[in-house]
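Structural characterization, general
Each chain is listed here by its residues.
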Amino acid sequence: MAFLGDYHTHTIFSKRGKKLHAVGTVLDNAYAAKKAGLVELAITDHGFCHYYGIDGKEAFAKLKEECKQAEALTGVKIYAGLENNLDQRSGKKTSLPALMECTPDTLEELEIVQGGYHAMVRTPTIFRNMLFWARNVIFKFWPFKKKLIARNTAAYKRAIDEYPIDFIGHLNRGIMADAVEVAKYAHSKGVYIELNGRHKSLNKKQIKQMVEAGVEFICNSDSHRPETVGTMPVAVKMIEEYGIPYSQIANWDRLPDFRSQNFRAARAQKSGEVTDG
């Protein structure tokens, strides 16, 4: 028994100018996935607005083509996606998009849809940049904490409602929300909660409540180098220490049933199946 897929990995497409945030090509990750015995792999480089984000639509088109080529060479099913960033302000202002990168035309091109939060995003002004991350760094020590948690929780839930998110990446890393409420809501919508292979962002009490609520998890490496594709030490430690049933791990000895039509269509195409569109 083993993990059959890794749906959160980065490549040299995650960069700023010539400065790389991750090392290894799509093909490098694909060969690493094959060596690890994986059946499926997703390339989810940082979205357009991340400080080390992929360099626009043309770069994503190139990434998608490299995924096809790597799949043909390795036999591993490879899905092209982006690690989209939650805009926490959308928990208060409905005029703001819930995910910063997902313009409609880009969203249609994603083969897997990941939603999460990063502080390292580029907003229109330096002042907005400061506010974007400062709320969670500074306000947690202020009386505004409850309001902030409520706003961030609402932002997560709104993103799930408005976008076909397949899984929430490293929930509550760098941001304060009611993780259990978000996880329960995600589960009700068919969205997985990630157990990240590199970062621990959920505690034992939260995990226990999620397990009792029937929440399903997806374990991913969040790999930034090929040699760590398919390896999930932090996630595995949490499973063992917190007693998470493997039956609630969607990619353990089975393939996950992601909810987005993007993913379902891509999987069907890779499997040679005929769909109704």
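For the structure itself, consult the block above.
This section reports on the structure supplied with the text.

Scoring rules and cut-offs
Residues numbered from 1 in each chain as written. Predicted model: local features only at pLDDT ≥ 70, side-chain atom pairs only at ≥ 80, totals over all residues. Heavy atoms only, no water. Phe/Tyr/Trp six-rings, centres within 6.5 Å; stacked < 30°, edge-to-face > 60°. Buried < 20%, exposed > 50% of the residue type's maximum accessible area, 1.4 Å probe, protein only. Helix = DSSP H or I, 4+ residues; strand = E, 2+ residues; numbered from the N terminus. Pairing = 2+ DSSP bridges. Right-handed = clockwise from strand over helix to strand, strands pointing away. Patch = residues over 30% accessible without salt bridge, like charges linked within 9 Å, V, L, I, M, F, W, Y side chains within 5 Å. Areas by Shrake-Rupley, 256 points an atom, 1.4 Å probe, with all protein chains shown as cover. Salt bridge = Lys/Arg side-chain N within 4 Å of Asp/Glu carboxyl O.

Some remarks on the packing of aromatic side chains
Applying the stated rule across the entire model yields 8 aromatic pairs. Both rings, one in Tyr 246 and one in Trp 252, keep their centres 4.5 Å apart while their planes meet at 40 degrees; by these two values the pair is tilted. Its relative accessible area of 16% is what places Trp 252 among the buried residues. Three or more aromatic residues link up through ring pairs in this structure, and these residues are Tyr 7, Tyr 79, Phe 167, Tyr 192, Phe 258 and Phe 263.

Thoughts on the pairing of strand β9 (residues 217-220)
Taking every second residue as pointing to the same face, both faces of β9 are buried, with Phe 217 and Cys 219 on one and Ile 218 and Asn 220 on the other. As paired strands, strand β8 (residues 192-196) and β9 are joined by 4 bridges and run parallel to one another. Bridge pairing links Asn 196 to Asn 220 in β9. Handedness of the β8-helix α7 (residues 204-212)-β9 crossover: right-handed.

Here's the deal with a nonpolar patch on the surface
On the surface, Met 130, Trp 133, Val 137 and Ile 138 cluster together into a nonpolar patch covering about 330 Å² of accessible area. On the secondary structure map, Trp 133 appears in helix α4 (residues 126-138).

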